[in-house]
Amino acid sequence: MARETSEVITVYEPVIGLEVHVQLKTKSKIFCACSTEFGREPNENTCPVCLGLPGSLPVLNERALELAIRVGLALNCEVSPVIKFDRKNYFYPDLPKAYQISQYDKPVSSKGYLTIEFKQDGKVMKKKIGITRAHLEEDAGKLLHEGIRDGSWVDYNRAGVPLLEIVSEPDLRSPEEAFQYLTSLKAILQYLDVSDCNMEEGSLRCDANVSVRKKGETEFGTKVEIKNMNSFRAVQKAITYEIKRQIGQNESGERIVQETRLWNESKGETSSMRSKEQAHDYRYFPEPDLVPFSVAKEQVEKFRKSLPELPQVRAERFRSQYGLSEYDAYTLVSDKALGDYFEACVKENVSPKLASNWIQTETLALVNSSGSTIQNFKLSPAATAGTIRLIENGTISGKIAKEVYSIMFETKKSAEEIVKEKDLVQVTDTVSLEASVQKVIQANPKVVADFKSGKDSALGFLVGQVMKETKGRANPALVNGILRKKLTGG
Amino acid sequence: MSQKINIEQIAELARLNLKPEERVKLTKDLEAILAYVDQLREVDTKKIEPTSHVLPLQNVFRKDFAVPTRISDAVLSHAPKREGKFFKVPKVIEA
Amino acid sequence: MEPYQFSVKQAKEFSAKNQNGPSELTQSLAKRIQNFDSKVKAYVHFDPTRVLLPKDGKKGPLYGVPISVKDNIVIESWETTCASKILTGFIPPYDATVIRKLREAGAVIFGKCNMDEFAFGSSCETSFFGPTRNPWNLDYVPGGSSGGSAAAVAGDLAIAALGTDTGGSIRQPASFCGVVGLKPTYGRVSRYGLVAFGSSLDQIGPITKTVEDAAILMNVLAGHDSQDSTSADVPVPDYTSFLGKSMKGLKVGIPKEYFVKGLDPEVNQAIQKTIGVFKDLGAGCVEVNLPNTKYAVAVYYIVAVAEASSNLGRFDGVQYGFRHETSSLRDLYFETRDQGFGAEAKRRILLGTFVLSAGYYDAYYLKGLKVRTLIKQDFDRAFERVDVILGPTSPTPPFKVGEKMNDPLAMYLSDIYTISANLAGLPAINIPCGFTEGAGHASPLPIGVQLVAKPFEEGTLFRAASAYEQATQWHEKHPKL
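As the structure is a computational prediction, the values presented were derived from the model and not from experiment.

1. Observations regarding the interface of chain A and chain B
Contacts between chain A and chain B engage 55 residues on the former and 35 residues on the latter. Both sides together, the interface formed by chain A and chain B hides about 4000 Å², and carbon and sulfur atoms give 58% of it. Applying the counting criterion to the chain A and chain B interface returns three salt bridges. The partner of D150 of chain A in a salt bridge is K88 of chain B, with the nearest N and O atoms 2.8 Å apart. Across the chain A-chain B interface, the total number found is 24 residue pairs in polar contact (both at pLDDT 80 or more). Counting residues per element, the ones that place at least two in the side of chain A that touches chain B are β2 (60-61), α2 (62-74), β9 (142-144), β10 (152-155) and β17 (293-294) of chain A. The class makeup of the residues in the side of chain A that touches chain B is 30 nonpolar, 12 polar and 13 charged.

2. Points about helix α6 (residues 311-322) of chain A
All names here are of chain A. If you check α6, its first and last C-alpha atoms are 15 Å apart, about what 12 residues at 1.5 Å a residue would give, namely 16 Å. Buried residues belonging to α6 abut α3 (175-192), α7 (326-333), α8 (336-346) and α9 (352-369). Phi turns positive one or two residues past the end of α6, at G323, with a value near 65 degrees.

3. Observations concerning the sheet that holds β9 of chain A
Strand order in the open sheet formed by four strands is β9(A)-β10(A)-β3(B)-β2(B), with antiparallel pairing between adjacent strands. Looking at the sheet topology across the chains shown, the edges are occupied by β9 of chain A together with β2 (82-83) of chain B. As paired strands, β10 of chain A and strand β3 (residues 86-89) of chain B are joined by three bridges and run antiparallel to one another. When the sheet's bridge partners are listed, V154 of chain A is paired in β3 of chain B with F87 of chain B.

4. Observations concerning the domain arrangement of chain A
Partitioning chain A into structural domains gives domain 1 (5-302), domain 2 (309-421) and domain 3 (430-488). Placing a centre on the C-alpha atoms of domain 1 of chain A and another on those of domain 3 of chain A gives a separation of 62 Å.

5. So, the pairing of strand β14 (residues 260-264) of chain A
All names here are of chain A. Of all five residues in β14, four are buried; the element is thus mostly enclosed. As defined by bridge partners, strand β13 (residues 224-227) adjoins β14 across three bridges and the pair is classed as parallel. Across the sheet, E225 pairs through a bridge with T260, a residue of β14. Crossover β13 to β14 through helix α4 (residues 232-251) is left-handed. Across four bridges, β14 lies against strand β15 (residues 269-272) in antiparallel orientation. When the bridges of β15 are listed, R261 appears paired with S272. Where β14 folds back on β15, the antiparallel hairpin that results is connected by four residues, among which G268 adopts a positive phi of roughly 70 degrees.

6. Some thoughts on the pattern of salt bridges
Across all of its chains, the model carries 66 salt bridges over all chains by this definition. The residue D105 of chain A makes a salt bridge to K84 of chain A at a minimum N-O spacing of 2.4 Å. You can see D105 of chain A sitting in the loop between β6 (99-102) and β7 (109-120) and its partner K84 of chain A sitting in the loop between β4 (82-83) and β5 (86-89), a full 21 residues away along the chain. Between E325 of chain C and K81 of chain B there is a salt bridge whose closest N-O contact spans 3.5 Å. Highlighted residues: E325 of chain C in the loop between α8 (296-311) and α9 (329-340) and K81 of chain B in the loop between α3 (72-77) and β2, drawn from two different chains. Salt bridges linked by common partners bring E309, R314, R317, K336, D340 and E343 of chain A together as one network.

7. Considering the sheet that holds strand β3 (residues 78-79) of chain A
Residues and elements named next belong to chain A. Overall, mixed pairing links the nine strands, which are arranged β3-β7-β8-β11-β1-β12-β13-β14-β15 in an open sheet. If you trace the sheet from one side to the other, it starts and ends with β3 and β15, each paired once. Examined bridge by bridge, strand β8 (residues 123-138) and strand β11 (residues 162-168) share seven bridges and lie antiparallel to one another. When the sheet's bridge partners are listed, E138 is paired in β11 with P162.

8. Quick word on the confidence of the model for chain C
A residue-level look at chain C finds 99% of positions with pLDDT of 70 or above and a mean pLDDT of 95. For this predicted complex, the interface score ipTM comes out at 0.96, while the overall pTM is 0.91.

9. What to know about the interface of chain C and chain B
Between chain C and chain B, the contact holds 64 residues from the first and 53 residues from the second. Taken over both partners, the interface formed by chain C and chain B buries close to 5100 Å², and the fraction arising from carbon and sulfur atoms is 68%. Viewed at the interface, chain B and chain C are joined by 17 residue pairs in polar contact (both at pLDDT 80 or more). Of all elements in the fold, only α8, α9, α10 (343-356), α11 (362-382), α12 (408-412) and α13 (419-424) of chain C reach the threshold of two or more residues within the side of chain C that touches chain B.

10. Describing the packing of helix α7 (residues 265-280) of chain C against helix α14 (residues 458-471) of chain C
All names here are of chain C. Put simply, α7 and α14 touch, their axes get as near as 10 Å, and they point 100 degrees apart. As summarised for this structure, α7 and α14 are arranged roughly perpendicular, according to the angle between their axes. Mapping the contact onto sequence places T274, V277 and F278 in α7 and A464, Y468 and A471 in α14. Residue classes in the contact of α7 with α14 are distributed as five nonpolar, one polar and no charged.

11. Structural notes on α9 of chain C
For α9 of chain C, which comprises 12 residues, the first-to-last C-alpha distance of 16 Å matches the rise-based estimate of 16 Å (1.5 Å per residue) to within 8%. Judged by how many residues are buried, α9 of chain C sits mostly within the fold: nine of 12 residues are covered. All of the buried residues along α9 of chain C are L329, L332, Y333, F334, E335, T336, R337, D338 and G340 of chain C. Residues of α9 of chain C that are buried sit in contact with α1 (7-14), α2 (20-37) and β3 of chain B together with α10 of chain C.

12. Some words on the nonpolar core
Among the nonpolar cores identified, the biggest contains 306 residues, and L18 and Y181 of chain A together with L102 of chain C are the most heavily contacted of them. Counting residues per element, this core draws most heavily on α8 of chain C, which supplies 12 residues. Mapping this core onto the domain boundaries places at least three of its residues in each of domain 1 (5-302) and domain 2 (309-421) of chain A. Sequence-distant contacts of L18 of chain A, defined by excluding residues within four places in its chain, comprise I166, V167, S168, L172, A178, Y181, L182, C206, D207, A208, V235 and I239 of chain A.

13. Topic: the pairing of β3 of chain B
Residues and elements named next belong to chain B. Side chains F86 and K88 project from β3 onto one buried face, and the interleaved F87 and V89 project onto a second face that is buried too. Relative to β3, β2 runs antiparallel, the two being bridged by two bridges. Looking across to β3, one finds that R82 is bridged to F87. Counted between consecutive antiparallel strands, the loop separating β2 from β3 contains two residues, among which G84 sits at a positive phi close to 60 degrees.

14. Quick look at the state of the cysteines
All names here are of chain A. Evaluation of the coordinates by the stated rule reveals zero disulfides over all chains. The thiol sulfur of C32 is not disulfide-bonded, and the nearest other cysteine sulfur, from C47, lies at 3.7 Å. Left unpaired, C47 is separated from the closest cysteine sulfur, that of C34, by 3.7 Å.

15. Overview of the side chain of R261 of chain A
Residues and elements named next belong to chain A. Inspection of the secondary structure puts R261 in strand β14. A polar contact is formed between the side chain of R261 and the side chain of E259, at a distance of 2.8 Å. Within the structure, the side chain of R261 is placed 2.9 Å from the backbone oxygen of T270, a separation counted as a polar contact. Setting aside residues up to four positions removed in sequence, R261 forms contacts with V224, E225, I226, K227, E242, R245, T270, S271 and S272.

16. Concerning unusual backbone geometry
The omega torsion of the bond from G144 of chain C to S145 of chain C falls at 10 degrees, within 30 degrees of zero and hence cis. Looking at the element boundaries, S145 of chain C is found in the loop between β3 (108-113) and α4 (147-154). Backbone geometry at C197 of chain A places phi at a positive 50 degrees, although glycine is not the residue there. Relative to the helices and strands, C197 of chain A resides in the loop between α3 and β12 (204-214).

What counts and how
- Residues numbered from 1 in each chain as written.
- Chains lettered and ligands numbered in written order.
- Predicted model: local features only at pLDDT ≥ 70, side-chain atom pairs only at ≥ 80, totals over all residues.
- Heavy atoms only, no water.
- Contact = heavy atoms within 4.5 Å.
- Buried area = accessible area lost by both parts, 1.4 Å probe.
- Salt bridge = Lys/Arg side-chain N within 4 Å of Asp/Glu carboxyl O.
- Polar contact = N/O pair within 3.5 Å; in protein donor to acceptor, adjacent residues only side chain to side chain.
- Helix = DSSP H or I, 4+ residues; strand = E, 2+ residues; numbered from the N terminus.
- Nonpolar A, V, L, I, M, F, W, Y, C, P; charged D, E, K, R; others polar.
- Expected span 1.5 Å × (residues − 1).
- Pairing = 2+ DSSP bridges.
- Domains from an automatic or database assignment.
- Buried < 20%, exposed > 50% of the residue type's maximum accessible area, 1.4 Å probe, protein only.
- Right-handed = clockwise from strand over helix to strand, strands pointing away.
- pLDDT = per-residue confidence, 0-100.
- Axes fitted to C-alpha atoms, helices over the stretch in contact; angles between N-to-C directions.
- Parallel < 35°, antiparallel > 145°, perpendicular 65-115°, else oblique.
- Core = buried A, V, L, I, M, F, W, Y, C linked by side-chain atoms within 4.5 Å.
- Disulfide = S-S within 2.5 Å.

And the structure:
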């Protein structure tokens, strides 16, 4: 067994490409009028076309092409002026026609890129990942095996749902980058509203191609395809495992087999798929039942102009318009709903910086702990803004505000109501503060002496005591000031 | 320079479990036909575009709305093997 | 005259005038089938109890007319087998567009006609249900693959029938049976519901006793279908308006490449006489060049079989049809398909798989598509000078059952004159133009002439065909069963 010291690993670099299949949010399937609605009875959403019955013929859903073009534009791709479909021939029970209508040499779009941003040491790093192509194809049906002893069951509801296959260049160099790629891609797809992007539900699937080579080499190593990952984290873990495995093989002189391996989440490892004695020969040829599609330049420009503000542009705007840091802007835009929440909040006339901090900490904490999402979070942006406003105008301290916010979440009351009810208004009246300060000074002679003898941090303790004395309602900055004045005799 | 056929390989791709006698005859037939079509080599097609579609049709679409067809009962009732609302096949084994 | 002898036109008039017209028609045909179809075997499936007469309200252009349908066109809840074991038990849950159109026109969907398995053949001998016989002489083939449809019409076992044509499968059997057969322009008639063979070549068309009948049927069948992406959105003229027009001024091209070794002398003689009649009727006949004709069969046996091999992949016993029961998924595919397909089907599937496979695509399939372009260009050039192209439909008269079954290539060459029209997507019609002498045969056998026109010029075909038909008496001859 090869040594897997970190020393060995840094001699190698991983080369990773990702293939993402996205189900497009159309009302009907790609080549027929069956509904794409999830959760219907098995084989309910079917017709002669998606069942592949003899005599049936496909007709392209206009909206599927439109969505595909939009994604291509958002990924900075060239949209092909002539688009055509091809048959990819293979046999499998979930593939009714024994061919998948896909695209081979004239995909909807190609030669684009996606800029991934990720946080490293508190800074935002950027890297361009090439997009080889994004093409349309039809989804296959679903096979059920679990718990069935004497066979497998087939449900064709999913057959014919439009898929966009997005293939990246092998530009990713770490599992973390792969994770970021998926996050960034998902954000873009969310902003475009083209898909639910839900890996658990299967509306977004990812296969990874992983190889390793010694740093400095220009040739690619043998690549292995990894399938069966059900979340972005699983993708990251699977790639991490696979890199280690391949390095281990290399180190012990074993050849890496070009194959497909399945990720096993519970075991935390990839394993080789049995069967597959031969590589697939898909015998691609132009689909005779579909005519070519031409997309006029003017139409492409129209689509480009109608693209919504995408995450990167939004982040730039957050920085310039709201004065946010690169880091904060990046975090807020990475989920469209979060960015929307933030902007709605700021529209209520509160400080963007305060709103940004508050939402990233308090709001998200409550969202996570209550198991909801920002979309269905109980507290509206206006309610959140209400809390922030009270901090801004000094009515309460940040600490008190946290309590108020939780109570708002539990009850239906507004921030103002709660503050009034529980008498949480911040004390800024210097006269009463001086009284509390005096009390604390008298009760803590040793600490006072420490401070006077140069231990500056002792002041913090005294401030804390004043906060305790005032049940957290004192304005800490004022308390600090008053204490210093009294103790330094100014 | 006639084309030789690896009949096992093609039969595998086409999912046909050919019996031994069939294999011999089919290899012969296929090689004869390929020898015949080989005359296409003599045609100069360097500057010629392939014709996949004879009609100059483009951009045939349908609008995105769903219409239920409700044929699943009819289709399942004639399925060679079914399990309730599913089609049934021999066990599909994956690793 | 018995009702079974009627043409479509006569059947229409009969139904319009008689309350019981439709049922008398179907009963007359049913009786004739009972008496004679055991010999001819034109039908794969005829059940008199399933024949639905049209409701009184629907007095469309085909009211009460029984139409027989080749068994590769789906009819809801009627078994559709394509004459293959692998589709026995396939009950389609939907109607083909042409069937819907026929029903809307008031026609009676009568029965399913025999054919070569999956339309692979030129003799109707590869049917899983056994061959159809030529009504003119039961020892001879009716042609294929629409052999059942053509034999039924010729033998008055049908008033009219639908056939399908990928490389000549309407025209060649029409020629062998002495009836009219039209392959429309590609895209003229919807393919929705036609079990696909060569998707870029297939068309459904009428096989009828007279040219007028074909025009009447085409008025109903033709037209754009939003369910078929390859369906042309071109207006449908009234094809009957082209009938009875003079041939004066019509420019007819005679391809010199068609009159070479391999053309039977009796066929040649009949064609030369036909050209004479055309000239007498005022047509101007000139020689044209279609230099790439000799490559047509080769191109077809690459392009059509490639498409076919892919189209037939879906037959695996999972959803419908024949299934080899097994607990092995591998055997489900391999055994179902090996047991379910006949020899010719396997030949074409293997050939098609090969020409598309890795390493061979460019040399075969892509090459085939390029030569196809050249064949199409030949016609484009010729049609700059002429309105129709005339030639024999088949290089030989009908041959004996079993005569060509052992030599697939010889069988393929039967289509040498018809294939180009499919490759170029052009409309083409066969009309009877003579008979063989009968010396050495038990009886004279039909010879047909083929006319090809520009895309969507079926009207021109009807004009020429009807003028010729009315000037001759071939259509009045019927075989004795």
